[in-house]
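Tertiary structure, described
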Amino acid sequence: MPTYLMLTTLTEKGVQTLHANPGRLAEVNRDVEEMGAKVLHQWAALGAYDFVNVVEAPDDITIAKVSLALGARGSAKLESLPLISIDDFLESLA
C-alpha cells in the first residue's frame with residue numbers, strides 16, 4: 001500500500017484544542033482510519049511543523065480526502081507527500 005509523509009502545523013484553534021484535550025490526537029488518528037488510511041508512525045516535532053506522520057493509504061485520492069477533511073476542521077494545516085521506498089526508487093533507475 002502507498003505510504004505518505006503527512007506534515008501538520010496546528011492553528012491557534014488546534015493548539016487550544018490539544019491543550020484542553022490531549023486525547024484528541026488519538027481520536028484524530030481513529031478518524032483517519034475511518035477515512036481509509038492508517039497512521040503508521042507519529043512524532044511531535046519542533047520547528048516549522050508540529051507533527052510528522054507516516055501514513056498508509058490505498059491511493060492519492062484517499063490521502064487527499066484525509067488531508068482535506070482534517071484541514072477543513074480549522075485545527076491544522078496539512079501537507080501530504082507521497083513516499084517511494086529506496087528499493088523501488090533504485091529499481092526505477094536500473
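Residues numbered from 1 in each chain as written. Predicted model: local features only at pLDDT ≥ 70, side-chain atom pairs only at ≥ 80, totals over all residues. Heavy atoms only, no water.

Regarding the overall build of the protein chain
Secondary structure assignment for the protein chain yields 4 helices and 4 strands. Starting at the N terminus, the α and β elements of the protein chain follow one another as β-α-α-β-β-α-β-α. With respect to the principal axes defined by its C-alpha atoms, the protein chain has extents near 50 × 30 × 20 Å. The 94 residues of the protein chain split such that 27% are buried. Of all intrachain contacts in the protein chain linking residues separated by at least 6 positions in sequence, the fraction that spans at least 24 positions is 67%. Averaging the positions of the 7 positive and the 13 negative side-chain charges in the protein chain gives two centres separated by 11 Å. (Helix = DSSP H or I, 4+ residues; strand = E, 2+ residues; numbered from the N terminus. Buried < 20%, exposed > 50% of the residue type's maximum accessible area, 1.4 Å probe, protein only. Contact = heavy atoms within 4.5 Å. Lys, Arg positive; Asp, Glu negative; His and termini not counted. Charge placed at Lys NZ, Arg CZ, Asp CG, Glu CD.)

A word on the pattern of salt bridges
Summed over the entire model, instances satisfying the criterion amount to 3 salt bridges. Salt-bridge contacts for Glu-27 lead to Arg-24; the nearest nitrogen and oxygen are separated by 3.0 Å. Highlighted residues: Glu-27 and Arg-24, both in helix 2 (residues 24–34), separated by 3 residues, approximately one helical turn. Of the charged contacts, one joins Arg-73 and Asp-31 as a salt bridge, the two residues approaching to 3.0 Å between their closest N and O atoms. Residue Arg-73 is found in the loop between helix 3 (60–72) and strand 4 (76–83), and its partner Asp-31 is found in helix 2; the two are separated by 42 residues along the sequence. (Salt bridge = Lys/Arg side-chain N within 4 Å of Asp/Glu carboxyl O.)

Some points on the pairing of strand 3 (residues 51–56)
Burial analysis of strand 3 places 5 of its 6 residues in the buried class, which makes it a mostly covered element. In terms of strand pairing, strand 1 (residues 3–10) meets strand 3 through 6 bridges, oriented antiparallel. In the sheet register, Thr-3 faces strand 3, and the bridge partner there is Glu-56. The pairing of strand 2 (residues 38–44) with strand 3 spans 6 bridges and is classified as antiparallel. Bridge assignment links Val-39 to a residue of strand 3, and that residue is Val-55. (Pairing = 2+ DSSP bridges.)

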